[in-house]
Amino acid sequence: MARRAQPAKRKKAAPKKSTRKKSAPKKKSGGFGRLMLGGAFVAGTLSAIIAVGSMLELDRASDEFGRAADQRAPDYAMADPAPTPKLRKDYKMSEDAQVRDRTGYLVGNNEQEGNAPAEVAALPELGTTGPSQPKPQHTTPTPDVLPGGSGSDGGVNATVDDANAPWRKYAALSPNAGNAPVIAIVIDDAGLDQPRTARTVKLPGPVTISYLPYARNLQPQVNEARKAGHEVMLHMPMEPSSASIDPGPHALLEAYDRQKVLSEMNWMLDRFDGYVGVNNHMGSKFTSDPNQMRIVMEVMKSRGLMFLDSRTSAKSVGFSTANDFGVPAITRDVFIDDSDDASKIADMLAKTERVAAKQGYAIAIGHPRDLTLQALQSWIPKLKAKGFVLVPATEVLRRTSQRATG
């Protein structure tokens, strides 16, 4: 039987070899690329944050300037060169009748009123005609000019009860408080930042404004403050405990000998006129030195000035040394703005009220800063309704002196 022929098996054609070279496999982007991308993003974000922060800092610049005198070295470029000490100052007083009747306010032409200069002993009572007395040519009064009581080189050798002592002569008028508790607000570091000092003068008064002696245009600033009914003190720089803090030019240092202390004090005390006394600027180290504070109190005594111990140190001997020398003195009860924070300032003002309610008076110290001035502008008008009376510092001194003497 015939077999069917089987077709021959075809050989599979060999695959054609490609002439193209195989391309290298693509590398996936690794961690380094992602890291670079992330770094660029973070850098951009930080730049934006820094830019916003810079804008915010510009907004706070004016506030920081107001705090410069208290928290860091003041701008001494603003200070005047040391003037030649003068026996008299160009201070013009008000002609208001109520001011004229106040004890110690030598208003108008003193020759017409029969009053001798403060340097002459046995002064007649104000408003009376006393015996004529020889008047040295260098102290002859002129109309509307006060003799240099607190700024006098010679001093007045006043006592607490001397009606011609500058702490009485230049005292601001005080409201009749009766038996109500009284509060004295003292604003330190005035004069250097003149715009904020001017805002301080516009506070409802009377407040006590303490001027740094190395500020510019002091006498015009002081004149405006007193014209507004405020009381004026000299804020005398003294050495702090920390060597990194600069109290300012002409500050009293613990290492000074007696003559150097007297020289610096005289420079400061002769810078302007019309102040009732002195309180210390800084001074945590100097006020703790009994020997140096005795020199200070000799000068306070000879010039008839009061002393307010700011109590920047628990070791301060300012108040006790003043008492030893018979210098009229008071001491601070509350610091209003140790912290430049609105809520904490409000807490300190509330504390001031509690202290006054408890002991009958309180002395609170603040500074010419925006938040402090805003708080006082709102707080002061509410005091009367709360049963308190705002008074100048000398009124607290009168009250405490009466208690001490019975």
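The structure reproduced in this document is the subject of the present report. Numbering of residues starts from 1 in every chain and runs along the sequence as written. Restriction of local features to residues with pLDDT of at least 70 applies here, the model being predicted, together with a cutoff of 80 or more for giving and counting side-chain atom pairs; totals for whole chains, interfaces and linings are based on all residues. To get the side-chain values, take all heavy atoms of the structure and skip hydrogens and water.

**Considering helix α10 (residues 290-303)**
Then, in step 1: Working definition: helices are DSSP H or I runs of at least four residues, strands are E runs of at least two. Numbering for both runs from the N terminus. Take the residue count of a helix, subtract one, and multiply by 1.5 Å to get its expected span. Between its first and last C-alpha atoms α10 spans 20 Å; for 14 residues at 1.5 Å apiece the expected length is 20 Å, and the two agree.
Then, in step 2: Of the residues one or two after α10, Gly 304 is the one with positive phi, at around 70°.

**Observations concerning the pattern of salt bridges**
Then, in step 1: Salt bridge, as used here: a side-chain nitrogen of Lys or Arg that lies within 4 Å of a carboxyl oxygen of Asp or Glu. Across all of its chains, the model carries 11 salt bridges by this definition.
Then, in step 2: Residue Arg 196 is joined to Asp 193 by a salt bridge in which the shortest nitrogen-to-oxygen separation is 2.8 Å.
Then, in step 3: Put simply, Arg 196 and Asp 370 hold a salt bridge, and the shortest N to O gap is 2.9 Å. With Arg 196 in helix α7 (residues 194-201) and Asp 370 in helix α13 (residues 370-379), this residue pair connects regions lying 174 residues apart in the sequence.

**Things to note about the pairing of strand β5 (residues 306-309)**
Then, in step 1: Judged by which residues are buried, β5 turns out to be covered on both faces: Met 306 and Leu 308 on one side and Phe 307 and Asp 309 on the other are all buried.
Then, in step 2: Here, a strand pair is defined by DSSP locating no fewer than two bridges between the strands. Examined bridge by bridge, strand β4 (residues 277-282) and β5 share 3 bridges and lie parallel to one another. Residue pairing in the sheet places Gly 277 in a bridge with Met 306 of β5.
Then, in step 3: Handedness is read with the strands pointing away from the viewer; a crossover is right-handed when the path from the first strand over the helix to the second is clockwise. Viewed along the sheet, the connection from β4 through α10 into β5 turns out right-handed.
Then, in step 4: With 3 bridges joining them, β5 and strand β6 (residues 329-331) adopt parallel strand pairing. Within the sheet, the bridge partner assigned to Asp 309 lies in β6 and is Thr 331.
Then, in step 5: Between the parallel pair β5 and β6, the chain is carried across by helix α11 (residues 318-325), and the sense of this crossover is right-handed. Buried means the residue's accessible area, taken with a 1.4 Å probe over protein chains only, is under 20% of the maximum for its type, while exposed means over 50%, and partly exposed covers the values in between.

**Re the packing of α10 against α11**
Then, in step 1: A fitted line through C-alpha atoms serves as each axis, taken over the contacting stretch for helices, and the angle formed by two N-to-C directions is quoted from 0 to 180°. For the pair α10 and α11, interaxial distance at closest approach is 9 Å and the crossing angle is 50°. One finds that α10 runs oblique with respect to α11. Once α10 is placed against α11, the crossing between them reads as right-handed. Note on element contacts: α11 touches α10 through Gly 318, Thr 321, Ala 322 and Phe 325, opposite Met 293, Arg 294, Met 297, Glu 298 and Lys 301.
Then, in step 2: The residue classification treats Ala, Val, Leu, Ile, Met, Phe, Trp, Tyr, Cys and Pro as nonpolar and Asp, Glu, Lys and Arg as charged. All others, Gly included, are polar. Classifying every residue of the contact of α10 with α11 by side-chain character gives 4 nonpolar, 2 polar and 3 charged. Roughly parallel here means an angle under 35 degrees, roughly antiparallel means over 145, roughly perpendicular means 65 to 115, and every remaining angle is called oblique. Should the near helix be turned anticlockwise from the far one by less than a right angle, the crossing is left-handed, and should it be turned clockwise, the crossing is right-handed. The criterion used for residue contact is that any of the two residues' heavy atoms lie within 4.5 Å.

**Notes on the nonpolar core**
Then, in step 1: Core analysis: the largest hydrophobic core is formed by 58 residues, its most contacted members being Ile 185, Tyr 211, Leu 269 and Met 300.
Then, in step 2: Residue types Ala, Val, Leu, Ile, Met, Phe, Trp, Tyr and Cys, when buried and joined through side-chain atoms within 4.5 Å, form a set referred to as a nonpolar core. Among the nonpolar cores identified, the runner-up in size contains 22 residues, and Ala 165, Ile 330, Ile 365 and Val 389 belong to it.

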